[in-house]
Amino acid sequence: MVRLKIVEAVHTALRALGVEEVPSGVTVERPANPDHGDWSTNASLVCAKLLKKNPRELGVELQAELEKADIPHVERLDIAGPGFINFVLSPSWLHDVLLTVVDQGTDNFARPNVGNGLEINLEFVSSNPTGPLHAGGGRWGAFGDSLARILARCGYAPHKEFYINDRGNQTVLFGQSLSARKGGHDVPPNGYEGQYISEWAREMPDTADPVVWGIERSLHEVEQSLSSMHVSFDTWSSEKALVDSGAMESALERLRASGHVYEKDDATWLATSELGDDKDRVLIKADGEPTYMLPDIAYHHDKYNRGDIIIDILGADHHGYVPRMRAALIFMGHEPKEYEAIIGQNVKLIRDGEEVKLSKRAGTMITIDELIEELGPDVTRFAYLIQSIDTTQTIDIDVWKAQASENPVFYVQYAHARIHAIGREASKRSIERKPLDQVELAGLVDPHELDVLRHLLELEEVLVAAARDRAPHRVTTWVRELASAFHTFYNSCPILRSDVDPELQQARLWLVEASRIGLSIGLDLLGVEAPEEM
RNA sequence: GCCCUUGUAGCUCAGUGGAUAGAGCGUCGGUUUCCUAAACCGUGCGUCGCAAGUUCGAUUCUUGCCAAGGGCGCCA
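Since this is a predicted model, take the numbers as computed values, not measurements.

1. A short note on the overall build of chain A
So, step 1. Scanning chain A from N- to C-terminus turns up 19 helices and 15 strands.
So, step 2. Taking the principal axes of its C-alpha atoms as reference, chain A extends roughly 80 × 65 × 40 Å.
So, step 3. Residues classed as buried in chain A amount to 52% of the 534 residues present.
So, step 4. Partitioning the contacts of chain A with sequence separation of at least 6, the portion at a separation of at least 24 is 71%.
So, step 5. About 24,400 Å² of surface is accessible on chain A, with carbon and sulfur atoms providing 47% of the total.
So, step 6. Of note, chain A has its 53 positive side-chain charges centred 2 Å away from the centre of its 84 negative side-chain charges.

Structure below.
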């Protein structure tokens, strides 16, 4: 890597100038502004104080020192601004990027092994199995699934998991609502009012247990909906099965053994406030029934069988739940680092200019199926992944529909389809791509050609950042930028036209292939189709 | 009152301890004898919520304040 060579040279030069230990603030980065060269270092700014010189002055000395070093591809060194040293490289360094991309291909390019096989358990969606998934829940599905894909590409071993709350009050109420509708009655107070209850009640066989049948029906629905946007799970964990297995009791014993459980007011408490929670929490109510929390602790403990660290992806309305769960898991003997919670902000849906309140019980929701039907799976999934999970998302259905032919998803997919169109046209004209090692890439000097290669170079660090920050939207941003670079290149650099020099044509065909690899990797991580024609 | 997230262009949102802060949409104008015009090019558009602090340098980090959304059950 060119960067490493430059880092090395900078360190050597600094030592020659009397810097014994290079400060950690010294960086070698790609400047945002192309006028500032291909690589840039702030070394003289950081080290100036150390050597009691002014940065600009030191910069001149550093520049002189660096001139002596023989760094591959470097054509020129500039000193600029307050004392940055900018490295201007010949295009050949980017040609090396093309060779790497094509050589490694879709399977191996941009596959940084930062995870080292670390198993990460991701739990997401986990909606109550009492009805279809509403459109807001789709955000966690898209997020969790893409995060898993990104982690896997970065060398982690992710495990996707859905927790089924198939016992307790809500399921009882749900069963009662189904029975009531089947008998033609009103649902019980606080029951489920949604239209789907009546429809499902009609489907339900007379002999069926409404709770069991209803939960099955819901899960089937949710699985279908999510898989239509390419979201899948490795494990569906049943709360009921877990409780039946005795896991809840053994979790309670383990907590008791830790010495943080006590009895008060006829209830059993966990002293979570010892570890930063607002107050202690009840594990077993005065009536002898466990709260939601106890089986959930048992479940989280169980998840360590399927992950070195476990991550909950939760909606903002559950953020208060995190400190108590973390406390409980630490009492159970897990390390604080081994539990992570990602709090996603909510999705607001706008239709006809008005916000649609998403309530399953009141039945005022828009389901994920309806959204997918209106926008299509690719648009829906892309929309969920276009912005940071830390921000409240507003999806105006009418806007996304109206923009259907010119929205960011199609922009990216079109770039991919265009590449295949070029391939088809090339074979129609009997233009064949020669093996890469027989192709001279030196002709690729147009800024638009080089820009495509710069974006491809960045993919690896984008993935590392996306995995580290649990931020799939970085991939979305990157793939949009690559598509843009490709479209620009396509428009300004003819490829198949008869007046193009054959050698340059070959180089450009390989640049197109490298672009295809990048787009294909990006779209796959986002779970969006990469069409060959549109 | 306490806790979490957010505040960047008319709108929806990216982005960054650094040198002139970006994209899409929307506005206005332009590009097709030749690889897909679902594209491209140009044009406008900003006190990066406010104020202090840390730093050679802050829109980015810290603190306070203001505003918006969410949460503070022996519900799940």
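2. A word on the pairing of strand E8 (residues 261-264)
So, step 1. Inspection of the sheet shows E8 paired to strand E9 (residues 267-270) by 4 bridges, in the antiparallel sense. Residue pairing in the sheet places Tyr262 in a bridge with Trp269 of E9.
So, step 2. Here E8 folds back onto E9 in antiparallel fashion, the turn holding 2 residues, of which Asp265 has a positive phi close to 50°.

3. Re the packing of aromatic side chains
So, step 1. Inspection of every chain in the model, using the stated rule, returns 12 aromatic pairs.
So, step 2. Taking the centre distance of 5.8 Å and the plane angle of 65° together, the rings of Trp39 and Trp93 count as edge-to-face. Within this pair, whereas Trp39 is found in strand E2 (residues 39-41), its partner Trp93 is found in helix H4 (residues 92-108), the two being separated by 54 residues in sequence. Accessibility assignment for this pair places Trp39 and Trp93 in one class, buried.
So, step 3. With a centroid separation of 6.3 Å and 10° between ring planes, the pair formed by Tyr262 and Trp269 is classed as stacked.
So, step 4. The exposure class of Tyr262 is partly exposed, given its relative accessible area of 27%.
So, step 5. When its relative accessible area of 17% is taken as the criterion, Trp269 is described as buried.
So, step 6. Residue placement shows Lys264 over the ring face of Trp269; its charged tip is 4.8 Å from the ring centre.
So, step 7. Positioned above the aromatic ring of Trp510 is the side chain of Arg433, whose terminal nitrogen or guanidinium carbon lies 4.3 Å from the ring centre.

4. Points about the domain arrangement of chain A
So, step 1. We note that the domain assignment places domain 1 (2-90), domain 2 (124-243 + 345-401) and domain 3 (408-526) within chain A.
So, step 2. Here the C-alpha centre of domain 2 lies 54 Å away from the C-alpha centre of domain 1.

5. Observations concerning the sheet that holds strand E15 (residues 393-396)
So, step 1. Overall, mixed pairing links the 3 strands, which are arranged E14-E13-E15 in an open sheet. Across the chains shown, the open sheet's two edge strands, defined by having one partner strand only, are strand E14 (354-356) and E15. Neighbour-to-neighbour, the strand axes of this sheet turn through a mean angle of 35°, independent of strand direction.

Cut-offs used in this document
- Residues numbered from 1 in each chain as written.
- Chains lettered and ligands numbered in written order.
- Predicted model: local features only at pLDDT ≥ 70, side-chain atom pairs only at ≥ 80, totals over all residues.
- Heavy atoms only, no water.
- Helix = DSSP H or I, 4+ residues; strand = E, 2+ residues; numbered from the N terminus.
- Buried < 20%, exposed > 50% of the residue type's maximum accessible area, 1.4 Å probe, protein only.
- Contact = heavy atoms within 4.5 Å.
- Areas by Shrake-Rupley, 256 points an atom, 1.4 Å probe, with all protein chains shown as cover.
- Lys, Arg positive; Asp, Glu negative; His and termini not counted.
- Charge placed at Lys NZ, Arg CZ, Asp CG, Glu CD.
- Pairing = 2+ DSSP bridges.
- Phe/Tyr/Trp six-rings, centres within 6.5 Å; stacked < 30°, edge-to-face > 60°.
- Lys NZ or Arg CZ within 6 Å of the ring centre and 35° of its normal.
- Domains from an automatic or database assignment.
- Axes fitted to C-alpha atoms, helices over the stretch in contact; angles between N-to-C directions.

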